[in-house]
Amino acid sequence: RTAKRAEENATKLNGITLYTLTELESVLGVTHRTLQSYIKTGRLKGVKIGGKWKVTEENLQKFINGDV
């Protein structure tokens, strides 16, 4: 149910779904700081847009599947 809510709130840009770290916190069950650490270490790929980190649906799936 939480994942569904995050998907509903996600931003779409040219058909690419983008999630904020705030949206991913509840989906993945980790803190904002932990997600920032994952990005810094390369464990999760993200991009900063407008001063906020965004993670594509593709990169989220790779992270979940351990394909990073």
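These numbers were taken from a predicted model, which means no experiment stands behind them.

### With respect to the sheet that holds strand β2 (residues 16-20)
Reading across the sheet, the four strands line up as β1-β2-β4-β3 and stay open at both edges, with antiparallel pairing between neighbours. Pairing within the sheet leaves two strands with one partner each, and these edge strands are β1 (11-13) and β3 (47-49). Across the sheet, the axes of successive neighbouring strands diverge by a mean angle of 45 degrees, strand direction being ignored. Here three bridges tie β2 to strand β4 (residues 52-56), and the two strands are oriented antiparallel to one another. Considered in β4, the bridge of Leu 18 is made with Thr 56. Strands β2 and β4 of the sheet are contacted by helix α4 (residues 57-65), whose axis makes an angle of about 75 degrees with β4.

### Section: helix α3 (residues 32-41)
Side chains three or four residues apart in an α-helix point the same way, a direct result of the helix having 3.6 residues per turn. When α3 is considered as a whole, its buried residues turn out to be Leu 35, Tyr 38 and Ile 39. Down the axis of α3, the smallest arc covering the buried residues is 95 degrees, so these residues share one side. For α3, the exposed residues lying more than 90 degrees away from the buried face are Arg 33, Lys 40 and Thr 41. Residues of α3 that are buried make contact with α2 (21-28), β4 and α4. Just beyond α3, the residue with positive phi is Gly 42, at close to 85 degrees.

Each value, and the rule that gives it
- Residues numbered from 1 in each chain as written.
- Predicted model: local features only at pLDDT ≥ 70, side-chain atom pairs only at ≥ 80, totals over all residues.
- Heavy atoms only, no water.
- Pairing = 2+ DSSP bridges.
- Helix = DSSP H or I, 4+ residues; strand = E, 2+ residues; numbered from the N terminus.
- Axes fitted to C-alpha atoms, helices over the stretch in contact; angles between N-to-C directions.
- Contact = heavy atoms within 4.5 Å.
- Buried < 20%, exposed > 50% of the residue type's maximum accessible area, 1.4 Å probe, protein only.
- Arc of directions from axis to C-beta.

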